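This is what each chain is made of:
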Amino acid sequence: MRSRWLMFAITFIAILYFYMRDSLVTTSVIGTAITFGLPLAMAAMVGIMCERTGIVNIGIEGTLLVSSFVGFFTASASGNLILGLISAVAMGAISGLLLSLLAVTWKMDQIIAGTIINILATGLTSFFYKQGHTIPSTFPEVDIPGLSSIPFFGPVLFMHGPLTYTGIILIFVLWVALYKTPWGLRSRAVGEHPSSADTAGVSVIKLRYLNVAIAGAFGGLAGAYLTLELVGSWDRGFSAGKGFTALALMIFGRWNPIGALGAAIFFGTAQAVTNQLMITQVVTIPQQFTNMLPYVLTILILAISAGKVRAPAAEGQPYEKEQA
Amino acid sequence: MKYLRSWLLPAIALLVAFAVGALMMKIQGANPFVAYKSLFTSAFGSSAGIAKTLGKATPLIISGLAVTICLRAGLFNIGVQGQLLAGALASAWAGYAIKGLPTIIHLPLALLFGVFFGALTGIIAGALKAFRGVHEVITTIMLNSIVLQLGEYLAYGPFKEPGQQLARTPEVLNSAKIPQIFGMPLGFFLGVALAVIAWWVFKTTTSGFRMETVGRNKSAAWYAGISVKRSILISMFVGGALAGLGGAIETLGVVGRYEPAFNGGIGFDGITIALLGRANPLAVIPGSILFGGMRGAGASMQFTAGVSPDIIDLILAIVLFLVTAPLIGKMIKSIRDTEQITTGGWGN
């Protein structure tokens, strides 16, 4: 826990220091950090929602891939971004339902179930992929009147596209829901001790289905954000390991939405700073090494935090009602 | 009956996957019969085709074994791809940069380079799992990307062939190339031998039994005095070493150099093959021959039937889905298999 506060303190002091030196660049770097970090945070929410109810979801990568694919090509074919968004979210929910089917109903090994989702997503998207499609535009930036003129915080937090705001708000909603509502209590109980929850009248199977499906929809939103707001195109292997990084951030953030959001923004900052250093040519690092950075960071974060954190107790185990 | 069951499930899965594949081809407006016919005649219809198929099957056997051995020890090594690339890269370097050695020394040395760097990549994930409790699925996937980037950097930079536009290493010297017998790289026989050895190790030896005990029940293994950490380290080391060997054989026997486009999916096919064979080392051999044939004949299928070779990815994904999900077993009760492959959550 201490290391985490230390990390936030260092980040905060560093931002302050650089802001004093060069406010414009610092603002843009932190803004970029949010842009880089948010999809990871949203993907981490998928993991949190599933794992809090006891389902390991290693298929987030596949959910991101297939939902961004469907979102992009729907938007491209219809010329309508909203339609793309809806189809991406729906596709995400379908991938969640598939995971539920495999892991909850069929009681498969959850790691293998997730891997199957990843491999299916890769197979389907690379087969149906067609080159040369475009979308008319990405979701436009919406500046929140008033708030966006606050120095530093305005450009960093209030000059983004609509999906960014949606994502950030939903992360806080999830946090409140998880800790302050009956649904959250039940979900966490199912993830820690399903038989007790069952005794207390919670339907373990139903709740797991519901949560994994909602989580999948959330992953669909993350996929839509990536393709329809951030990048504006789609290519094979589009999700580029983000689903796995998200799992690392989830663990680092101790299965807590705000914790994972913090970890994701830290992660995004590391990337944004590296980008900035490359642009200004303060340092010349071969591009391959900057590409490597997120993966190396993911392993480092896990090596530091794993072992010290505790996963939901019932995670990975299919639920069997006790026979009388 | 038991043998029939273990064969029936993958066979049904393959049939269904081919049917779905045919449907997809129909949707795309191609003729699936023409496509499948050209696929199978070019893979298995001539001696040259069979030689090519077996050549393609070689790295698949070895990477399938790399996954199988780790699965037996309760680890899901989906980093075979990275370990394979590390092996390919290292053996390519040893093959072109070390000069003046006779084949009898140079070739084993270059293979050993591949084995060593593959094992190194594997054991990073193994050590993180054993000492820090980091799940191997995430670390191995991340290592896949890291090694890929590293290979790209080296092929564009320090290892680049002088005076060459493309990013690739110089060609491996003749003294490090794997000789061919009847147009077939020797590696295939090595792969088959390794599969038999792995089968024998799990069947008869104590170390195989130890690994398998850890894979089935960690706490029971620990209680029985078996070192779980050691077993994790050994299986990731061996898995990585095998994958590295696969990469080295492909480099020294087929490709002849390292290039960033180096055979994208061997490692991932290895996962599918291992799960298809239900973690049985011997079952890896027929699976790899089938996959090798399909991979090798993909181009000819595109040529004659106009179907993109990506359909093979899709078919293989469906096969994997059908074999691992207890879907077929639900429908046909008599072939429901009682033994499920398990890995483990974050905690164990």
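Residues numbered from 1 in each chain as written. Chains lettered and ligands numbered in written order. Predicted model: local features only at pLDDT ≥ 70, side-chain atom pairs only at ≥ 80, totals over all residues.

(A) Expanded view of the overall build of chain A. When helices and strands are tallied, chain A shows 13 helices and 2 strands. Radius of gyration (C-alpha) of chain A: 20 Å, near the 20 Å computed for a compact globule of 324 residues. In terms of overall dimensions, chain A has a C-alpha envelope of 70 × 50 × 40 Å along the principal axes. When burial is assessed residue by residue, chain A has 51% of its 324 residues classed as buried. Contacts in chain A between residues far apart in sequence, at least 24 positions, make up 77% of those at least 6 positions apart. (Helix = DSSP H or I, 4+ residues; strand = E, 2+ residues; numbered from the N terminus. Rg over C-alpha atoms; globule rule 2.2 N^0.38 Å. Buried ≥ 20, exposed ≤ 12 C-beta atoms within 10 Å, placed from the backbone. Contact = placed C-beta atoms within 7 Å.)

(B) How the structure looks around the overall build of chain B. Across its full length, chain B holds 14 helices and 2 strands. Classification of the 348 residues of chain B by burial places 55% in the buried group.

(C) Seen up close, the interface of chain A and chain B. Across the contact, 38 residues belong to chain A and 39 residues belong to chain B. Per element, the largest residue contribution to the side of chain A that touches chain B is 11 residues, and it comes from helix H5 (residues 110–128) of chain A. By residue class, the composition of the side of chain A that touches chain B is 26 nonpolar, 10 polar and 2 charged. (Nonpolar A, V, L, I, M, F, W, Y, C, P; charged D, E, K, R; others polar.)

(D) Molecular detail of helix H8 (residues 182–192) of chain A. If you check which residues of H8 of chain A are buried, you get Ser 187, Ala 189, Val 190 and Gly 191 of chain A. Contacts made by the buried residues of H8 of chain A are with helix H2 (23–52), helix H7 (162–180), helix H9 (194–199) and helix H10 (204–231) of chain A.

(E) Structural context of the packing of H2 of chain A against helix H3 (residues 60–78) of chain A. All names here are of chain A. Interaxial distance between H2 and H3 falls to 10 Å at its minimum, and their mutual angle equals 130°. Taken together, the axes of H2 and H3 are oblique relative to one another. With respect to the hand of their crossing, H2 and H3 are arranged in right-handed fashion. From H2, Ala 43, Val 46 and Gly 47 reach across to H3, where they touch Ile 60, Thr 63 and Leu 64. Of the residues in the contact of H2 with H3, the class split is 4 nonpolar, 2 polar and no charged. (Axes fitted to C-alpha atoms, helices over the stretch in contact; angles between N-to-C directions. Parallel < 35°, antiparallel > 145°, perpendicular 65-115°, else oblique. Left-handed = near helix turned anticlockwise from the far one by under 90°.)

(F) Region of the structure containing the environment of Tyr 156 of chain B. Residue and element names in this part refer to chain B. Mapping Tyr 156 onto the fold places it in helix H6 (residues 136–156). Its 16 C-beta neighbours within 10 Å are what place Tyr 156 among the partly exposed residues. Considered as a pair, Tyr 156 and Asn 31 are 125 residues apart in the sequence and their alpha carbons are 42 Å apart.

(G) Here's a closer look at the nonpolar core. Residues and elements named next belong to chain A. Ranked by internal contacts, the top residues of the largest apolar core, which has 208 residues, are Ala 44, Met 45 and Leu 249. Residues contacting Met 45, with those up to four places away along its chain left out, are Ile 171, Leu 174, Phe 218, Pro 257 and Ala 260. Counting 5 residues, the second largest nonpolar core, distinct from the first, contains Ala 189, Val 190, Ala 197 and Val 204. (Core = buried A, V, L, I, M, F, W, Y, C linked by C-beta atoms within 7 Å.)

(H) Structural view of the confidence of the model for chain A. In the predicted model, chain A carries a mean pLDDT of 87, and the fraction of residues at 70 or more is 97%. The weakest mean pLDDT in chain A belongs to helix H1 (residues 2–21) of chain A at 76; the strongest belongs to H3 of chain A at 95. (pLDDT = per-residue confidence, 0-100.)

(I) Up close: the environment of Leu 316 of chain B. Here Leu 316 of chain B shows up in helix H13 (residues 310–324). Placed 302 residues apart in sequence, Leu 316 of chain B and Leu 14 of chain B show a C-alpha to C-alpha distance of 8.4 Å. In this view, Leu 316 of chain B contacts Gly 123 of chain A together with Asp 269, Thr 272 and Phe 291 of chain B; residues no more than four positions away in its chain are not counted.

(J) Inspection of the confidence of the model for chain B at higher detail. For chain B, the mean per-residue pLDDT works out to 84, and 90% of the residues sit at or above 70. Interface confidence for the predicted complex, given as ipTM, is 0.82, next to a pTM of 0.86.

(K) Structural view of unusual backbone geometry. Residue and element names in this part refer to chain A. Non-glycine residue Arg 254 carries a positive phi angle of around 55°. Relative to the elements of secondary structure, Arg 254 occurs in the loop between helix H11 (242–252) and helix H12 (257–279). One non-glycine residue, Trp 255, lies in positive phi territory at about 55°. Note on placement: Trp 255 falls in the loop between H11 and H12. We classify Trp 255 as buried; it has 23 C-beta atoms within 10 Å.

(L) The arrangement of the packing of helix H2 (residues 32–44) of chain B against helix H3 (residues 47–72) of chain B in detail. Residue and element names in this part refer to chain B. Look at H2 against H3: their axes get within 5 Å of each other, and the N-to-C directions meet at 90°. Between H2 and H3, the angle is such that the two are roughly perpendicular. Packed against H2, whose contacting residues are Ser 42, Ala 43 and Phe 44, the element H3 presents Gly 49, Ile 50 and Thr 53 at the interface. Grouping the amino acids of the contact of H2 with H3 by side-chain chemistry returns 3 nonpolar, 3 polar and no charged.

(M) Structural context of the environment of Val 228 of chain B. Residues and elements named next belong to chain B. In this structure, Val 228 sits in helix H10 (residues 228–255). For Val 228, a count of 18 C-beta atoms within 10 Å puts it in the partly exposed group. Along the backbone, Val 228 and Ile 178 are 50 residues apart, and their C-alpha atoms lie at a distance of 38 Å. Setting aside residues no more than four positions away along its own chain, Val 228 makes contact with Val 214, Lys 218, Ala 221 and Trp 222.

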